[in-house]
Amino acid sequence: MNPRDRDKYFRNQPHRVPLGYEEYAGDKQFATTLARGIELLRCFTAGDLALSNGEFASRTGLPRPTVSRLTYTLTSLGYLRQNPKTGKYEPGSSLISVIYPMMASLVIRQRARPLMHALADATGGHVSMGIRDRLNIVLVETSRLAGREASFGPVADMGLSLPIAGTSIGRAYLAGCDGATREALLNEIRVKAPEDWQRFEPRIRSALREHERLGFCGVDGDMVEEVLAVGACYGATAGGELVVFNCTFLRSDLPTGRGIAWLRTEIGPRLVELLRQLRRSALA
């Protein structure tokens, strides 16, 4: 992916900052200070790995003195580190130790990994597994064809957060929800991400019908013109976590004549077969 397309991609990514605390007004059990500290950490994206107090304040809406206290505390605990040259804050190593137990609990990652590698090698695509994070899907496992790292860059890697509304993996998640949960999530998108709702609502509805009919849904440059993908829902793990997968391609990497129709006839069924094998291995 060229730098211009990558910049466009990251500009379209949510910063995952708080949408407001109104829903917790009057809730004495809600620790606002803790929530604000956590939300500060969520300001980072793959395109913004170093932020100043002013940038944190701008993205969260918090007063700069509050942000300064939070960054000082998070740095003291190792969740942030301050770059001595720029003075900006970067994610700290303590975050890894916090994340590891959750990642280790997703044993499906280990079972899915060889199947994902095989699909990536066979198709030249980038295969990812994700779970929900608010109005996004966060990737928890990825596989790519050897030698494609430079092409894909950081676009699809572990920890990357993708909007549910604009992606095949997000729409596959919606398709895997029960009716009540799906409608609640759609309403949350409508209220909290109105621009996404206005832009993608008809395509979301179409994707839900496609997933019901075929077991997967496709996206042809909906969020980023260069990206084509198919997504499918595995279902819930033993712990109740709904897991989804996608297989992604860059338009420039596909041979002439291959596009979304090829993904639907060739790649979608392969992704569905991957999920079938994964479910079968869970029963073994």
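Values in this document were obtained by computation on a predicted structure and should not be read as measured data.

Caption draft 1: Representation of the overall build of the chain within the structure. If you tally the helices and strands in the chain, you get 11 helices and 8 strands. Within the chain, the fraction of its 284 residues that count as buried is 48%. Long-range contacts, defined as pairs at least 24 residues apart, comprise 58% of the intrachain contacts of the chain with a sequence gap of at least 6. In the form shown here, the chain has an accessible surface area of approximately 14,300 Å², with 53% of it arising from carbon and sulfur atoms.

Caption draft 2: A look at the packing of helix H9 (residues 179-192) against helix H10 (residues 194-214). Contact pair H9 / H10: the axes reach a minimum separation of 8 Å and the direction vectors enclose 150°. As far as their axial angle goes, H10 and H9 are roughly antiparallel. Residues Arg182, Glu183, Leu186, Ile189, Arg190, Val191 and Lys192 of H9 pack against Pro194, Trp197, Ile204, Arg205 and Leu208 of H10. Here the contact of H9 with H10 is composed, by residue class, of 7 nonpolar, no polar and 5 charged.

Caption draft 3: Up close: the packing of helix H6 (residues 108-123) against helix H11 (residues 260-283). The geometry of H6 relative to H11 is characterised by a closest axis approach of 10 Å and an angle of 155° between their N-to-C directions. The angle between H6 and H11 places the two elements in the roughly antiparallel class. The handedness of the crossing between H6 and H11 comes out as right-handed. When H6 is examined against H11, the residues Ile108, Arg111, Ala112, Leu115, Met116, Leu119, Ala122 and Thr123 are found in contact with a partner set consisting of Trp262, Ile267, Arg270, Leu271, Leu274, Gln277, Leu278, Ser281 and Ala282.

Caption draft 4: Quick look at the pattern of salt bridges. Per the counting criterion, the structure on display carries 17 salt bridges. Across the pair glutamate 39 and arginine 134 runs a salt bridge, and its minimum N-O distance is 2.2 Å. Remark: arginine 134 occurs in the loop between strand S3 (126-133) and strand S4 (136-144) and glutamate 39 occurs in helix H2 (residues 32-41); sequence separation between them is 95 residues. Using a relative accessible area of 5% as the deciding quantity, one classes glutamate 39 as buried.

Caption draft 5: Representation of the sheet that holds S3 in the model. In space, the 6 strands of this open sheet follow the order S5-S4-S3-S8-S7-S6, with antiparallel pairing throughout. Of all the strands in the sheet, the pair left with one neighbour each is strand S5 (161-163) and strand S6 (217-220). The mean inter-strand angle of the sheet, taken between neighbouring strand axes irrespective of direction, is 30°. When S3 meets S4, the two strands line up antiparallel, connected through 8 bridges. By the bridge assignment, valine 127 is partnered in S4 with serine 143. H6 contacts S3, S4, strand S7 (227-236) and strand S8 (242-250) of the sheet and is inclined by roughly 65° relative to S4. H11 contacts S6, S7 and S8 of the sheet and is inclined by roughly 25° relative to S7.

Caption draft 6: Local environment of the packing of aromatic side chains. In total, this model carries 3 aromatic pairs according to the counting rule given. Ring centres of phenylalanine 44 and phenylalanine 56 lie 5.6 Å apart, and the angle between their planes is 90°; this geometry places the pair in the edge-to-face category. Separated by 12 residues along the polypeptide, phenylalanine 44 in the loop between H2 and helix H3 (53-60) and phenylalanine 56 in helix H3 bring together distant segments of the chain. Phenylalanine 44 sits in the buried class, given a relative accessible area of 8%. A relative accessible area of 0% places phenylalanine 56 in the buried class. Between phenylalanine 249 and tryptophan 262, the aromatic rings sit 5.5 Å apart at their centres with planes inclined by 70°, giving edge-to-face as the arrangement. Placement of the pair is phenylalanine 249 in strand S8 and tryptophan 262 in helix H11, with a sequence separation of 13 residues. Exposure class is identical for phenylalanine 249 and tryptophan 262. Each is buried. One aromatic cluster is present, formed by Phe44, Phe56 and Tyr89 through successive ring pairs.

Caption draft 7: A look at the pairing of S4. When you tally the buried positions in S4, you get 9 out of 9 residues, the bulk of the element. Here S3 folds back onto S4, and the loop between the two strands holds 2 residues, one of which, arginine 134, carries a positive phi near 60°. Inspection of the sheet shows S4 paired to S5 by 3 bridges, in the antiparallel sense. Of the residues in S5, the one forming a bridge with asparagine 136 is proline 163.

Caption draft 8: How the structure looks around the side chain of asparagine 53. For asparagine 53, the position within the fold is in helix H3. Discounting residues that sit within four places of it in the chain, asparagine 53 has contacts with Arg64, Val67, Ser68, Thr71 and Tyr89.

Rules used throughout
- Residues numbered from 1 in each chain as written.
- Predicted model: local features only at pLDDT ≥ 70, side-chain atom pairs only at ≥ 80, totals over all residues.
- Heavy atoms only, no water.
- Helix = DSSP H or I, 4+ residues; strand = E, 2+ residues; numbered from the N terminus.
- Buried < 20%, exposed > 50% of the residue type's maximum accessible area, 1.4 Å probe, protein only.
- Contact = heavy atoms within 4.5 Å.
- Areas by Shrake-Rupley, 256 points an atom, 1.4 Å probe, with all protein chains shown as cover.
- Axes fitted to C-alpha atoms, helices over the stretch in contact; angles between N-to-C directions.
- Parallel < 35°, antiparallel > 145°, perpendicular 65-115°, else oblique.
- Nonpolar A, V, L, I, M, F, W, Y, C, P; charged D, E, K, R; others polar.
- Left-handed = near helix turned anticlockwise from the far one by under 90°.
- Salt bridge = Lys/Arg side-chain N within 4 Å of Asp/Glu carboxyl O.
- Pairing = 2+ DSSP bridges.
- Phe/Tyr/Trp six-rings, centres within 6.5 Å; stacked < 30°, edge-to-face > 60°.

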